[in-house]
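What follows is each chain in one-letter form.
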Amino acid sequence: MKPVKIAKDIYDVGVNDWNIRDFHGYTTDLGTSYNAFLILDKKTVLIDTVKAEFADQLIDNISKIIDPKQIDYVISNHTEMDHSGSLPRVMHKVGEEKPLFCSKMGQKNLSRHFGQKWNYRPVENGEELSIGSRTITFMETRMLHWPDSMFSYLKEDKILFSSDAFGQHYAGHEKFDDLVGDTIMPHAKKYFANILLLYSPLILKLVEHVTNLKLEFNMICPDHGILWRKDPGKIINAYVKWSRQDAKNKAVVVYDTMWHSTEKMAEAIVEGLSGQGIEARPMQLRKWNRSDIMTEVLDAKAIIVGSPTLNNGLFPTVSDFLTYMKGLKPKNKIGAAFGSYGWSGEAVNLIKNELESMNIEIIDPGLKVQYVPDNQSLEACIELGKKIGKAITG
Ligand code: FEO
């Protein structure tokens, strides 16, 4: 990716990671980008960097505009390695003595990551930095999604550099919302569901805070994916909707299967749900990545989980998914468990216990079928689907 001029004297000097397909366990079918921003004013400022292996590309991009030594200030909005991994190389090029602005937690975390005695300038929430004709306001956004996270707001241009927030894992030459259109929204939704969902209450508070401050945005520039310039309000509104976790008349039936028995049950439950007008889909855990399933869970009212009993326990992929979902803390869901078994049949209760521990309201004692479901068992599955459907529309 070449530098992209995003406003007068402001450039995205980041890189596209076209081939990444697994971002710490999250599938990225269209790759991602690590955006970094260069602002030319009386002082020249670099906001964020890129993954370590892309340091040369970042430095090359900067060099197409200015000599990196001309950078006066570096800002680190977030410590995670996809944005800080090339800081050591960048600081070496820019000059180790140059001020490095970050949150207080950012200083701690950058020190832990790199063990360098850089010229840290930890900033307070609301602190301003004049860079000439422009002013940068720092906004702490602790736990969105790391303790060190912060935003940098360019006051005069009304541009928000929002770190991970409002991002999407998407690599493309189109750098703006108006060039991509609504096809970007599923990527933004997946990003939210898998990275930010557990911080929903903080997001609602932050949006309220920003609304009270009457901040205006000409552009929102996240560190991943496209930049929002045509309609920044669109992604803010989407975040409010997703953070509220208002559900649709929708159910996700997630399961794994050994000899297709739990699979047959899942499909029959979906049949029952669909008969009630509920949007429903069976999702087998060895066919769907957990991150795609979580994206579907985000706006579903019901989450129904099935597992065969294996060695007195859950099928491993089901355990994996339940652990993953628990960490993301979905709210306002109802749920149920099902599964086939041979002789002991613990899986259904184990799932139920896990769902309960996530405050998912269990609306059925659970459905177990021994070995292979017969017509009567499949009818019971359809009835379970209908029951859940009625609870959804209730
Ligand atoms: Fe894109 Fe939290 O790093």
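Reading guide: rules and limits
- Residues numbered from 1 in each chain as written.
- Predicted model: local features only at pLDDT ≥ 70, side-chain atom pairs only at ≥ 80, totals over all residues.
- Heavy atoms only, no water.
- Helix = DSSP H or I, 4+ residues; strand = E, 2+ residues; numbered from the N terminus.
- Buried < 20%, exposed > 50% of the residue type's maximum accessible area, 1.4 Å probe, protein only.
- Contact = heavy atoms within 4.5 Å.
- Areas by Shrake-Rupley, 256 points an atom, 1.4 Å probe, with all protein chains shown as cover.
- Patch = residues over 30% accessible without salt bridge, like charges linked within 9 Å, V, L, I, M, F, W, Y side chains within 5 Å.
- Salt bridge = Lys/Arg side-chain N within 4 Å of Asp/Glu carboxyl O.
- Pairing = 2+ DSSP bridges.
- Axes fitted to C-alpha atoms, helices over the stretch in contact; angles between N-to-C directions.
- Domains from an automatic or database assignment.
- Buried area = accessible area lost by both parts, 1.4 Å probe.
- Polar contact = N/O pair within 3.5 Å; in protein donor to acceptor, adjacent residues only side chain to side chain.
- Nonpolar A, V, L, I, M, F, W, Y, C, P; charged D, E, K, R; others polar.
- 1 Å grid on protein atoms, 1.4 Å probe; cavity = no way out; pocket = protein on both sides within 12 Å on 5 of 7 lines; lining within 4 Å.
- Points joined across faces, edges and corners; volume = space filled by probe spheres on them.

**Q** What is the right way to look at the overall build of the protein chain in this model?
**A** Helix and strand counts for the protein chain come out as 13 helices and 24 strands. Oriented by its inertia axes, the alpha-carbon framework of the protein chain measures out at about 75 × 40 × 35 Å. Burial statistics for the protein chain: of 394 residues in total, 58% are counted as buried. Of the contacts formed within the protein chain by residues at least 6 apart in sequence, a portion of 71% connects residues at least 24 apart. When the accessible surface of the protein chain is summed, it comes to about 16,600 Å², and 50% of that surface belongs to carbon and sulfur atoms.

**Q** Would you explain a nonpolar patch on the surface in this entry?
**A** Together, Trp343, Tyr371 and Val372 line one region of the surface with nonpolar side chains, adding up to about 430 Å² of accessible area. Among the structural elements, tryptophan 343 can be located in the loop between strand S22 (334–341) and helix H12 (347–357).

**Q** In this structure, what is going on with the sheet that holds strand S13 (residues 135–140)? I would like to understand it.
**A** What holds strands together in a sheet is hydrogen bonding between their backbones, with the strands either parallel or antiparallel. Ordered by their spatial adjacency, five strands build an open sheet running S12-S13-S14-S15-S16, and the pairing between neighbours is mixed. Each edge of the open sheet is held by one strand with a lone partner, namely strand S12 (128–130) and strand S16 (219–222). Ignoring strand direction, the axes of neighbouring strands in this sheet form an average angle of 20 degrees. Bridge count between S13 and strand S14 (residues 150–154): five bridges; the pairing is antiparallel. Its bridge partner lying in S14, methionine 139 is registered against phenylalanine 151.

**Q** Explain the domain arrangement of the protein chain to me, please; I cannot follow it from the model alone.
**A** Size of an interface, as often reported, equals the accessible area lost when the parts are brought together. Annotation of the protein chain at the domain level lists domain 1 (4–244) and domain 2 (251–389). Inter-centroid distance (C-alpha atoms) of domain 1 to domain 2 is 38 Å. Each side of the interface is counted separately: domain 1 has 13 residues, and domain 2 has 14 residues. Roughly 1,200 Å² is buried in total at the junction of domain 1 and domain 2, and carbon and sulfur atoms are behind 55% of that figure. Taken together, the connections running from domain 1 to domain 2 amount to two salt bridges. At the junction of domain 1 with domain 2, the criterion picks out nine residue pairs in polar contact (both at pLDDT 80 or more). The set of elements that each furnish at least two residues to the side of domain 1 that touches domain 2 consists of strand S5 (26–27), helix H6 (185–196) and helix H8 (232–244). If one sorts the elements of the side of domain 1 that touches domain 2 by residue count, H6 sits on top with six residues. Residue classes in the side of domain 1 that touches domain 2 are distributed as seven nonpolar, three polar and three charged.

**Q** How do you make sense of the layout of surface pockets when you look at a structure like this?
**A** If a probe the size of a water molecule is rolled over the atoms, the empty space left behind becomes visible. Reported here for the largest pocket is a volume of approximately 320 Å³. Lining the largest pocket are 18 residues, and of these Met258, Thr309, Tyr341, Gly342 and Trp343 sit closest to its centre. A per-class count over the lining of the largest pocket returns seven nonpolar, eleven polar and no charged.

**Q** Would you mind showing me how to read empty space enclosed by the protein here?
**A** For the structure on display, the rule yields one cavity of 30 Å³ or more. A volume near 40 Å³ is recorded for the largest cavity. Lining the largest cavity are Leu144, Phe151, Ala165, Phe166, Leu196, Ile203, Leu206, Val207 and Tyr239. In terms of residues, the lining of the largest cavity owes the most to one element, helix H7 (residues 200–213), which gives three residues.

**Q** Would you mind going over H6 with me for this structure?
**A** An α-helical turn contains 3.6 residues, so any two residues separated by three or four positions project in the same direction. For H6, the buried fraction is high: ten of the twelve residues fall into the buried class. Among the residues of H6, Met185, Ala188, Lys189, Lys190, Tyr191, Phe192, Ala193, Asn194, Ile195 and Leu196 are the ones counted as buried.

**Q** How do you make sense of the side chain of threonine 141 when you look at a structure like this?
**A** Take threonine 141: it is sitting in the loop between S13 and S14. On the accessibility criterion, threonine 141 (3% relative accessible area) is buried. Reaching out from threonine 141, the side chain makes a polar contact with the backbone nitrogen of methionine 150 at a distance of 3.4 Å.

**Q** What is the right way to read the pattern of salt bridges from this model?
**A** Opposite charge on two side chains permits them to pair, given that their charged atoms come into close proximity. Counted under the stated rule, the structure contains 23 salt bridges. Across the pair aspartate 41 and arginine 134 runs a salt bridge, and its minimum N-O distance is 2.9 Å. One end of the pair, aspartate 41, is in the loop between strand S7 (37–40) and strand S8 (44–47); the other, arginine 134, is in the loop between S12 and S13, with 93 residues separating them in the sequence. By relative accessible area, which is 8% here, arginine 134 ends up buried. With a shortest N-O distance of 3.7 Å, lysine 248 and glutamate 279 are connected by a salt bridge. Within this pair, whereas lysine 248 is found in strand S17 (residues 248–255), its partner glutamate 279 is found in strand S18 (residues 279–284), the two being separated by 31 residues in sequence. According to the relative accessible area criterion, lysine 248 is partly exposed, its value standing at 40%.

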